[in-house]
Amino acid sequence: MTHYAYAGVQGGKKVKGKIEATSLARARSALRQKRVRIKNIKELKEKKKGAMDIEITWGPFGSIPAKEILMFTKKLSTMIRAGLPILDSLIMVAGQTKNPNMKRAVTQMVEALNDGVPLSEAFKKQSRHFDNVYLNMIEAGEVSGMLDKFIDKLVEILEKQQKIKSGIKSAMFYPITLITVSLGISIFMLTNVVPTFQEMYEGMGIQLPGPTQAIVDASEWIADIGNVAGVFGTIFGIITFQNVMLKYVKPYRTGWHALQLKMPIFGGIIMMAVVARSSLLMANLFAAGVSVLETLNVASTVTTNTIFLNAFARVKRDVMTGAELSSLFANEKVFPTELSQLIAVGERTGNMEEMLNSIANYYEEEFDALVEGLSTVIEPVMIVFVGGLVGMMVVALYLPIFSAGDLAGG
């Protein structure tokens, strides 16, 4: 993208400013669309980057937030619906985007399109930022000639994904906050309060009760930096081992994913999220006239859980035999019975889109209810946990004083 400085007249008033475009002709075209009568336009020479201008794009520094992807898709959808060509739409979105990583990605897509690369391939070059669902929807829209409809559906899917993520975050925020606070209080007491009591009791020359001695031992243990480093090293090692095993050892990955689905509450959350997202995708793709096989290919990209991926793979394999889709889903125990039943109704009535949308809405509502109920249950439990933890520590610290008082009274 090149920057151009311009001066002209818009609405009877003199205007001047800067605009980004891939060429001078594109810059003139964009200004004409804004009803600017150009008096003067020239290319701005790009400044050489200094040491302070280096862009860091590795790791989290180069990622694009999900909300930014959603805003980009909404803008793109609006411009395409307004009749703008996809290239001009991307150029305008790039000019409106403030996030540097998003701007860089869109600019690279514009350059790829100018080089004659198909839109789906331009998006695939940015697969770091756009997931498989997004890329498959763009490709399906490009192939079917209904890109505007598919981008509209992408907006709907991204909004629902954002809602699901927000629900999970809100459910987990409270317990994580309370656990962090309780750990902070415990560490503060062990490192600052307990040593004071320990010195006092040593001066009194009394034998410490079991609970008090345990807290004193914990205080001495945490005061040793080697022990703390060992804990962090162990945690790091467990996380590294887990990531390596999940990435390279298929049986381990399958077992771990099966365990996740069997976990109380959280297994239900995973199932509901996968079924809701895949049903919504299949509804949109069936409505667009996409083949069953391609629809299943795209729907399977909503999850990385091996159990679901294997189930989708078996359904895709057996659908080639001419078996009914409802019976194939019914054979897979990982999918709820309601899914196969409503698909069967859709097959009989010829209204598969409506049935799948009903499934997506049903499980989205169930998900919301489960998350809300989880938040309601966790809140009092965590309050009791934090209060009990702090209370036990305080009582244990004062036990020797109580014991000394009892002995004096006796």
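Conventions adopted
Residues numbered from 1 in each chain as written. Predicted model: local features only at pLDDT ≥ 70, side-chain atom pairs only at ≥ 80, totals over all residues. Heavy atoms only, no water. Helix = DSSP H or I, 4+ residues; strand = E, 2+ residues; numbered from the N terminus. Buried < 20%, exposed > 50% of the residue type's maximum accessible area, 1.4 Å probe, protein only. Contact = heavy atoms within 4.5 Å. Arc of directions from axis to C-beta. Axes fitted to C-alpha atoms, helices over the stretch in contact; angles between N-to-C directions. Parallel < 35°, antiparallel > 145°, perpendicular 65-115°, else oblique. Nonpolar A, V, L, I, M, F, W, Y, C, P; charged D, E, K, R; others polar. Expected span 1.5 Å × (residues − 1). Salt bridge = Lys/Arg side-chain N within 4 Å of Asp/Glu carboxyl O. Polar contact = N/O pair within 3.5 Å; in protein donor to acceptor, adjacent residues only side chain to side chain.

### Some points on the overall build of the chain
When its secondary structure is counted, the chain shows 16 helices and 3 strands. Along the longest, intermediate and shortest principal axes, the C-alpha atoms of the chain span 100 × 65 × 40 Å. Taken across its 410 residues, the chain has 38% of its residues classed as buried. Put simply, 60% of the contacts in the chain that link residues at least 6 apart link residues at least 24 apart.

### Some remarks on helix α12 (residues 292-299)
Buried residues of α12: T295, L296, V298 and A299, and no others. Looking straight down α12, one finds its buried side chains confined to an arc of 165°; they lie on one side. Where the residues of α12 are buried, they touch α6 (132-144), α11 (266-287), α13 (306-319) and α14 (325-331).

### Looking at the packing of helix α9 (residues 225-248) against helix α10 (residues 250-262)
Working note: a packed helix pair is described by the angle between its axes plus the distance between those axes. Direction vectors running N to C along α9 and α10 enclose 105°, while the axes themselves pass 6 Å from each other. On the basis of the axis angle, α9 is roughly perpendicular to α10. In contact with F241, Q242, M245, L246, K247 and Y248 of α9, α10 contributes K250, Y252, R253 and W256. In terms of residue class, the contact of α9 with α10 is built from 6 nonpolar, 1 polar and 3 charged.

### Some details on helix α2 (residues 66-81)
Every α-helix carries 3.6 residues per turn, so stepping three or four residues along brings you back to the same face. Its 16 residues place the ends of α2 23 Å apart at the C-alpha level, agreeing with the 22 Å of an ideal helix rising 1.5 Å per residue. The complete set of buried residues in α2 reads I69, L70, F72, T73, L76, S77, M79 and I80. Positive backbone phi, at 100°, marks G83, one or two positions downstream of α2.

### What about the pattern of salt bridges?
A complete count under the given rule lists 6 salt bridges for this structure. Between D152 and R81 there is a salt bridge, with the nearest N and O atoms lying 3.2 Å from each other. One end of the pair, D152, is in helix α7 (residues 147-204); the other, R81, is in helix α2, with 71 residues separating them in the sequence. Using a relative accessible area of 53% as the deciding quantity, one classes R81 as exposed. Among the ionic pairs, R314 bridges to E332, the shortest N-O distance being 2.8 Å. With R314 in helix α13 and E332 in the loop between α14 and α15 (337-349), this pair connects stretches of sequence that are 18 residues apart. For R314, a relative accessible area of 34% translates into the label partly exposed. Residue classification places E332 among the buried residues on the basis of a relative accessible area of 9%.

### Some thoughts on the side chain of Q198
Inspection of the secondary structure assignment puts Q198 in helix α7. A distance of 2.7 Å separates polar atoms of two side chains, one belonging to Q198 and the other to E220. Not counting residues up to four positions away in its chain, the partners in contact with Q198 are V216 and E220.

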